[in-house]
Amino acid sequence: MNIIIFGPPGAGKGTQAKNLVKKLNSFQVSTGDMLRAEIKKDTEIGKAIITNMNEGKFVDDEIVNSLLKNIIFDKKKSNKLIFDGYPRTLNQAKNLEILLNKSNQEINFIFFLNVKKDDIVKRIEKRKILEKRSDDNADTILKRYDTYMEITKPVLEYYSKNPNFHEIDGSMEIGNISEKIEEILKL
Ligand code: AMP
């Protein structure tokens, strides 16, 4: 089963993805984590993306798409993917479909965690203290939220037509969100 967790920054995608990874014995595909790892290792990709990441802007589709390929074609992970933070653009959504098709896979569920801007700002302020992420500050949060709304909206419209799309109230407690998702997945 392949699942996309979709939603604005701070909606709790990572937390829900980690829960599903445990429950389904699957693999989290967090492009944010992959990109942060590139910066930490100071690779060519890391050097190219650091400014965009710190300013809360999206990293180029080409770079993000290139990081994804190996994971999709990894047989061990086949049909056990939990996407967290990908796709974020229509180009990425189409790329994902092509790669999954080529590897005889599909998206089985799409969960949209819907959270309002005010709640997101409060949550990310909290996460900043806990995780010390360099892109978690008030200005960047607002920028990331606005970027999300602007660029990701067409992706949301695209996926909302999919019969496997489920909108979840992301302002609920973490446990309640997990319960709702597990109920839909019949876990
Ligand atoms: P996240 O950890 O998912 O909140 O992502 C943190 C940052 O990484 C974002 O603000 C973007 O700069 C970058 N990023 C992560 N995933 C993507 C993606 N799919 N497309 C473009 N940029 C991304």
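If you're wondering where the values come from, they're calculated on a predicted model, not measured in any experiment.

**Describing the side chain of S178**
Its place among the elements puts S178 in helix α8 (residues 174-185). Under the relative-accessibility criterion, S178 is labelled buried at 10%. Setting aside residues up to four positions removed in sequence, S178 forms contacts with Q16 and N19.

**Considering the nonpolar core**
Residues I4, F6, L35, L68, F83, L96 and Y159 are the most contacted members of the largest nonpolar core, which totals 29 residues. Those elements that place two or more of their residues in this core are β1 (3-6), α2 (31-40), α3 (44-54), α4 (61-72), β3 (81-84), α5 (90-102), β4 (109-114) and α7 (138-160). It is α4 that contributes the most residues to this core, 6 residues altogether. Non-local contacts of I4, meaning those with residues more than four positions away in its chain, are made with F83, Y86, P87, L96, I107, F109, I110, F111 and Y159. One finds I3, A11, I168 and I181 within the second-largest nonpolar core, a separate group that totals 18 residues.

**Describing the side chain of Q105**
By the secondary structure assignment, Q105 is in the loop between α5 and β4. Looking at Q105, its side chain comes within polar contact range of the main-chain oxygen of I72, at 3.2 Å. Filtering out sequence-adjacent residues up to four positions away, Q105 remains in contact with N2, I72, S78, N79, L81 and L100.

What counts and what doesn't
- Every chain is numbered independently, its residues counted from 1 as its sequence is written.
- In keeping with the model being predicted, local features are shown solely for residues with a pLDDT of at least 70 and side-chain atom pairs are shown and tallied solely at 80 or more, while totals for entire chains, interfaces and linings include all residues.
- No hydrogens and no water enter the side-chain calculation; it runs on all heavy atoms of the structure.
- Secondary structure elements are taken from DSSP: a helix is a run of H or I of four residues or more, a strand is a run of E of two residues or more, and numbering for both begins at the N terminus.
- Three labels apply to residues, based on accessible area from a 1.4 Å probe with only protein chains included: buried if under 20% of the type maximum, exposed if over 50%, partly exposed otherwise in between.
- Any two residues whose heavy atoms approach within 4.5 Å are treated as being in contact.
- We call a set of buried residues a nonpolar core when its members are Ala, Val, Leu, Ile, Met, Phe, Trp, Tyr or Cys and they connect through side-chain atoms within 4.5 Å of each other.
- The term polar contact refers here to a pair of N or O atoms within 3.5 Å; inside protein, the definition further demands a hydrogen-donor-capable atom paired with an acceptor-capable atom, and it admits residues adjacent in sequence only when both atoms are side-chain atoms.

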